[in-house]
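# Chains, contacts and geometry: an overview
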There are 2 protein chains.
Amino acid sequence: MSKPLILVTNDDGITAPGLRLLIQLMNELGDVVVVAPDSPQSGMGHAITLDNTLYSKKVVIDREHGAPKEYSCSGTPADCVKLGLQELLQRKPDIVVSGINHGSNASINVIYSGTMSAAVEAGIEGIPAIGFSLCDYGWNADFTGISESVKQIVRTALKNGIPRGTVLNVNYPKYDGVPLKGAKICRQAKANWKEKFDKRTSPMGKEYYWLTGEFDLLDKGEDTDIHALNNGYASIVPTQFDLTAHYAISTLNTWNFED
Amino acid sequence: MSKPLILVTNDDGITAPGLRLLIQLMNELGDVVVVAPDSPQSGMGHAITLDNTLYSKKVVIDREHGAPKEYSCSGTPADCVKLGLQELLQRKPDIVVSGINHGSNASINVIYSGTMSAAVEAGIEGIPAIGFSLCDYGWNADFTGISESVKQIVRTALKNGIPRGTVLNVNYPKYDGVPLKGAKICRQAKANWKEKFDKRTSPMGKEYYWLTGEFDLLDKGEDTDIHALNNGYASIVPTQFDLTAHYAISTLNTWNFED
């Protein structure tokens, strides 16, 4: 049996520790090709590069633990997947994995997630795809204790495929010395960010803002990703890219637009 | 009765003809505040500015037909909405309208849409929101014949509210001399882009790419946005930001991750 072909990408950039770990883990499962941004792209959402040129080059970041083929790309995570599928890979990969993100993509964060945009991009092309994230924003995030789970999930997805029209959004709790309890299939918790803009004045006297905010969980459900994470489990949310709210169509069909 | 407060934004930038028309139309319906990007942001998806400073300034673009208050912002459409809600508006607006985009946001394009990210940002905050787009990519796009429909839809949304957990994605067909036939409530058509990367060499001998592609409709349904647009109707898709594929949860719960 030939080994699966695995495309690995992320949004923190090709040197990020979370990506380097994911590459090592995927090297155990198949033939790995990396196409990842040359610089951090967090908060890029599902951006693609339309009005600018894209550069890509073959790179060696880690001779010992890296993948045989790694490419850095000047674009966004979605660009990396498009470029990988169209130009850099010899054949369609068996799976696309993105991450491991330094920071949560659970709940409403999925909307802003470059990590998940890469997975969605692959999903649109009909390729099984998973985004992995750790709820620890630091560059020195502690990835202890999640490696076996990451490999289990990818192995299971390679065996079973992924439900049609979805990609998986996997998040791990921040490591606090307690072993991971397992993984739960969840729905996205309802939440938003209570934004605060930190208004400052530059040395030249110009006013500017920093966007900051606090996560505001509005959802008491016990079947949510946030509930799983808060209780020491990995959360796995099947995430769709048909954004139609089918339940709302009948209501809207009662509207009279001629008023 | 006090007039509704309407926040207007877009992703083509504050000088775009589609935005200027939308402002004029909204001036007829309520008190308008504009917060829009100072430069085009197309293809930005749901990006937000986390690693950079944000600038905003009060501007006058069109003394005759503009809004009383207009702000340009250095950020993305989602940034504009966050900044507007948090810092620039005196109270929560009654509705947020985004557009009129120069180019289609129907079908899978919604995923990459800055126009719709602004609407979604408002939707997350519980504010009724609508994104408007015209299937004509040119800066000189012909907006003939859609003004009454835009006002009707906004008036109806102000009266009825918008179904919970959704924002509306409204697209208009490119004008070809035939009057708009009406508006249809639709689902997002299944489609993808067949990417082609145009590989070139710079004057300095460096290889680079332009992302190009062709829209590939995979969906023969007559209830889709593309079908409505192809038949001369505006399409209205209720778009959700709970991305959970609830239908897939039971399947995933049959998986055994211990294998």
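Calculation rules
- Residues numbered from 1 in each chain as written.
- Chains lettered and ligands numbered in written order.
- Predicted model: local features only at pLDDT ≥ 70, side-chain atom pairs only at ≥ 80, totals over all residues.
- Heavy atoms only, no water.
- UniProt positions renumbered as here; feature names shortened; annotations may be inferred.
- Helix = DSSP H or I, 4+ residues; strand = E, 2+ residues; numbered from the N terminus.
- Rg over C-alpha atoms; globule rule 2.2 N^0.38 Å.
- Buried < 20%, exposed > 50% of the residue type's maximum accessible area, 1.4 Å probe, protein only.
- Contact = heavy atoms within 4.5 Å.
- Areas by Shrake-Rupley, 256 points an atom, 1.4 Å probe, with all protein chains shown as cover.
- Lys, Arg positive; Asp, Glu negative; His and termini not counted.
- Charge placed at Lys NZ, Arg CZ, Asp CG, Glu CD.
- Least-squares fit on C-alpha atoms with pLDDT ≥ 70 in both.
- Buried area = accessible area lost by both parts, 1.4 Å probe.
- Salt bridge = Lys/Arg side-chain N within 4 Å of Asp/Glu carboxyl O.
- Polar contact = N/O pair within 3.5 Å; in protein donor to acceptor, adjacent residues only side chain to side chain.
- Nonpolar A, V, L, I, M, F, W, Y, C, P; charged D, E, K, R; others polar.
- Pairing = 2+ DSSP bridges.
- Axes fitted to C-alpha atoms, helices over the stretch in contact; angles between N-to-C directions.

Within an unreviewed UniProt entry, the label attached to chain A reads 5'-nucleotidase SurE, and the organism entered is Croceitalea dokdonensis DOKDO 023. Annotation of chain A in UniProt includes, under Sequence similarities (unreviewed entry), the sentence "Belongs to the SurE nucleotidase family."

### What about the overall build of chain A?
Counting secondary structure elements, chain A contains 6 helices and 11 strands. Computed over the C-alpha atoms, the radius of gyration of chain A is 19 Å, within 12% of the 18 Å expected from 2.2 N^0.38 for a compact globule of 259 residues. Overall size of chain A, expressed as C-alpha extent along the three principal axes, is 60 × 55 × 50 Å. Here chain A holds 259 residues, and 59% of them are scored as buried. Considering only contacts in chain A between residues 6 or more positions apart, those separated by 24 or more positions represent 77%. Surface exposure of chain A reaches about 10900 Å², of which carbon and sulfur atoms provide 48%. Here chain A contributes 24 positively and 30 negatively charged side chains, and the mean placements of these two sets differ by 4 Å.

### Structural notes on the relation of the copies chain B and chain A
It takes a turn of 180° to lay chain B on chain A, together with a shift of 0.0 Å along the axis; the resulting RMSD is 0.0 Å. What the rotation and shift describe, once combined, is the action of a two-fold rotation axis. Of the residues that chain B buries at the interface, 100% are likewise interface residues in chain A, meaning the two copies contact each other through the same surface.

### What about the interface of chain B and chain A?
Every contact between the two is made by 80 residues of chain B and, on the other side, 80 residues of chain A. In total, chain B and chain A occlude about 7400 Å² of area from one another, counting both sides; carbon and sulfur atoms represent 62% of this. Where chain B packs against chain A, one counts 2 salt bridges. Of the charged contacts, one joins Glu195 of chain B and Lys82 of chain A as a salt bridge, the two residues approaching to 2.2 Å between their closest N and O atoms. Linking chain B with chain A are 24 residue pairs in polar contact (both at pLDDT 80 or more), by the criterion used here. Mapped onto the side of chain B that touches chain A, the elements with two or more residues apiece are helix H2 (77-88), helix H3 (114-124), helix H4 (147-160), strand S7 (166-172), strand S9 (191-201), strand S10 (207-217), strand S11 (234-240) and helix H6 (249-252) of chain B. Ranked by residue count, the leading element in the side of chain B that touches chain A is H4 of chain B, at 7 residues. Within the side of chain B that touches chain A, the residues separate by chemical class into 40 nonpolar, 23 polar and 17 charged.

### Some points on the sheet that holds strand S7 (residues 166-172) of chain A
Residue and element names in this part refer to chain A. Spatially, 9 strands are ordered S3-S4-S2-S1-S5-S6-S7-S11-S8 in an open sheet, and the strand pairing comes out mixed. A single partner strand is all that each edge strand has here, and the edge strands are strand S3 (56-58) and strand S8 (183-185). Taken pair by pair, the neighbouring strands of this sheet meet at an average axis angle of 20°, ignoring direction. Pairing geometry for strand S6 (residues 129-134) and S7, over 5 bridges, is parallel. Paired with Gly131 across the bridge in S7 is Asn169. Contacting strand S1 (5-9), strand S2 (31-37), strand S4 (69-73), strand S5 (95-102) and S6, helix H1 (residues 17-27) runs over the sheet at an angle of about 145° to S5. Taken strand by strand, helix H3 (residues 114-124) contacts S1, S5, S6, S7 and strand S11 (234-240), and its axis lies near 170° from that of S6.

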